[in-house]
Amino acid sequence: MSGRTIAIIQARAGSTRLPRKVLMPLEGVPMLAHLVARVRAVPALAAVVVATSTLDRDDDVAAVAREAGAEVFRGSEGDVLSRYHEAAREFQATTVVRITGDCPLYDGGLLAEMLARRAALSPHSYYSNAFRRTYPRGLDTEIFERETLELVHRLADDPAEREHVTAFLWRRPTVFECVNHENPEGDWSHWRWTVDTPEDFAMVTRVYAELYPRAPLFDRHAVAELLRARPEIAAINSEVAQKPV
């Protein structure tokens, strides 16, 4: 994959179901800082950018991101598409990786694999592991060209497509080349590894307590092995319903 590939992590303090969740501590470290460390470990990335809002309440988000070693871009809170568009321009991205800030179990190894596989696809493809879910929520990864982002930014006028950055793309699979990345190890979609509720946070807190002291950048395989051995941990948030898009 040629050009400049950057990961943009969207994060804000104003989440509705669990306010300031990205700043909540896991083993004494803010959740967002853990995510930044995991993404920064991917050698193919030219930069990792945390894109947050210009609101005062997101000053702490920007500070944590910088301390963790990420670049920071601040833009619109509600128009997340414009936030991505402007961040990609400012940091001169050729290829953009979209990650959300509520994924403390994110696996940089998975991103590295996806970037390598996308290199064999059309450069105009929109590559994601979330069209047909075989991975848990919390490992969602989307890869697309900045040219595609520029086009979507110009054309999208539905408020939902401004808030959900890639909705314009996946709502039009006959227009855009949408390619799914399948989990070669089977269907793990019954697990929930994202954080949007107190139950979600309780689950990942248990995972970090078990795995982080031995290997701070533990991968998805270690999490899966733990949850198979300790199903009561996965049960903590197994009844949480995902917010509709």
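Here the structure is shown first, and the text comes after it.
Enquirer: Account for helix H1 (residues 31-40), with residues named and values stated.
Expert: Within an α-helix, residues lying three or four positions from one another point in the same direction, as the helix has 3.6 residues per turn. Buried residues dominate H1, accounting for 8 of its 10 residues. Inspection of H1 places Met-31, Leu-32, Ala-33, His-34, Leu-35, Val-36, Arg-38 and Val-39 among the buried residues, and these make up the whole buried set.

Enquirer: Help me get a handle on the nonpolar core, residues and values and all.
Expert: If you look at soluble globular proteins, the nonpolar side chains tend to sit buried side by side. Among the nonpolar cores identified, the biggest contains 55 residues, and Leu-32, Val-39, Leu-111 and Val-207 are the most heavily contacted of them. Ignoring anything within four residues of it in the chain, the contact list for Leu-111 reads Val-39, Val-42, Leu-45, Val-97, Ile-99, Tyr-106, Thr-141 and Ile-143. Phe-73, Tyr-126, Val-152 and Phe-176 belong to the second-largest nonpolar core, a separate cluster that totals 23 residues.

Enquirer: Which residues make up the packing of aromatic side chains, and what values go with them?
Expert: Considering all chains together, one arrives at 8 aromatic pairs under this definition. Seen from their ring centres, Tyr-126 and Phe-131 are 5.1 Å apart, and the 90° between their planes marks the pair as edge-to-face. The class for Tyr-126 is buried, based on a relative accessible area of 2%. Consider the rings of Trp-188 and Trp-191, whose centres lie 5.7 Å apart with planes at 70°: the pair is edge-to-face. Here Trp-188 matches Trp-191 in class, with each residue buried. Three or more aromatic residues joined by ring pairs form one cluster here, namely Tyr-126, Phe-131 and Phe-144. Over the aromatic face of Phe-218 sits the side chain of Arg-38, whose NZ or CZ is 4.2 Å from the ring centroid. Above the face of the Phe-168 ring, Arg-172 is positioned so that its terminal group lies 3.8 Å from the ring centre.

Enquirer: Give me the lowdown on the layout of surface pockets, citing residues and values where you can.
Expert: Taken as a whole, the largest pocket encloses approximately 1200 Å³ of empty space. Along the wall of the largest pocket there are 38 residues; nearest its centre are Gln-10, Arg-98, Thr-100, His-164 and Gln-242. Residue assignment for the lining of the largest pocket shows that the elements contributing at least two residues are helix H3 (80-90), strand S6 (95-100) and strand S7 (126-128). With 3 residues, the top contributor of residues to the lining of the largest pocket is S6. Among the residues making up the lining of the largest pocket, the classes are represented as 12 nonpolar, 13 polar and 13 charged. Considered as a void within the structure, the second largest pocket measures approximately 190 Å³ in volume. Lining the second largest pocket are 15 residues, and of these Ser-189, His-190, Trp-191, Arg-192 and Ser-238 sit closest to its centre. Across the lining of the second largest pocket, the residue classes tally to 7 nonpolar, 5 polar and 3 charged.

Enquirer: Account for the pattern of salt bridges, naming residues and giving values.
Expert: Taken as a whole and assessed by the stated rule, the structure comprises 22 salt bridges. Overlapping salt bridges, with partners in common, bring together Arg-17, Lys-21, Asp-102 and Asp-196 in one network.

Enquirer: Help me get a handle on the environment of Phe-218, residues and values and all.
Expert: Within the secondary structure, Phe-218 is located in the loop between helix H8 (198-211) and helix H9 (220-229). For Phe-218, a relative accessible area of 4% puts it in the buried group. Remark: the alpha-carbon pair of Phe-218 and Ile-236, spanning 18 residues in sequence, is separated by 20 Å. Not counting residues within four places of it along the chain, the set of residues in contact with Phe-218 comprises Arg-38, Leu-105, Val-207, Tyr-208, Leu-211, Tyr-212 and Val-223.

Enquirer: I'd like a description of unusual backbone geometry, backed by residues and values.
Expert: Excluding glycine, a negative phi dihedral is what most residues carry, and trans is how most peptide bonds are arranged. One non-glycine residue, Arg-20, lies in positive phi territory at about 60°. Within the secondary structure, Arg-20 is located in the loop between strand S1 (5-10) and strand S2 (25-26). A residue is classified by how much of its surface remains accessible, and Arg-20, at 38% relative accessible area, is partly exposed. A positive phi angle, near 55°, is found at Gln-92, a position not held by glycine. Along the chain, Gln-92 falls in the loop between H3 and S6.

Here is what the cut-offs are and how they apply
- Residues numbered from 1 in each chain as written.
- Predicted model: local features only at pLDDT ≥ 70, side-chain atom pairs only at ≥ 80, totals over all residues.
- Heavy atoms only, no water.
- Buried < 20%, exposed > 50% of the residue type's maximum accessible area, 1.4 Å probe, protein only.
- Helix = DSSP H or I, 4+ residues; strand = E, 2+ residues; numbered from the N terminus.
- Core = buried A, V, L, I, M, F, W, Y, C linked by side-chain atoms within 4.5 Å.
- Contact = heavy atoms within 4.5 Å.
- Phe/Tyr/Trp six-rings, centres within 6.5 Å; stacked < 30°, edge-to-face > 60°.
- Lys NZ or Arg CZ within 6 Å of the ring centre and 35° of its normal.
- 1 Å grid on protein atoms, 1.4 Å probe; cavity = no way out; pocket = protein on both sides within 12 Å on 5 of 7 lines; lining within 4 Å.
- Points joined across faces, edges and corners; volume = space filled by probe spheres on them.
- Nonpolar A, V, L, I, M, F, W, Y, C, P; charged D, E, K, R; others polar.
- Salt bridge = Lys/Arg side-chain N within 4 Å of Asp/Glu carboxyl O.

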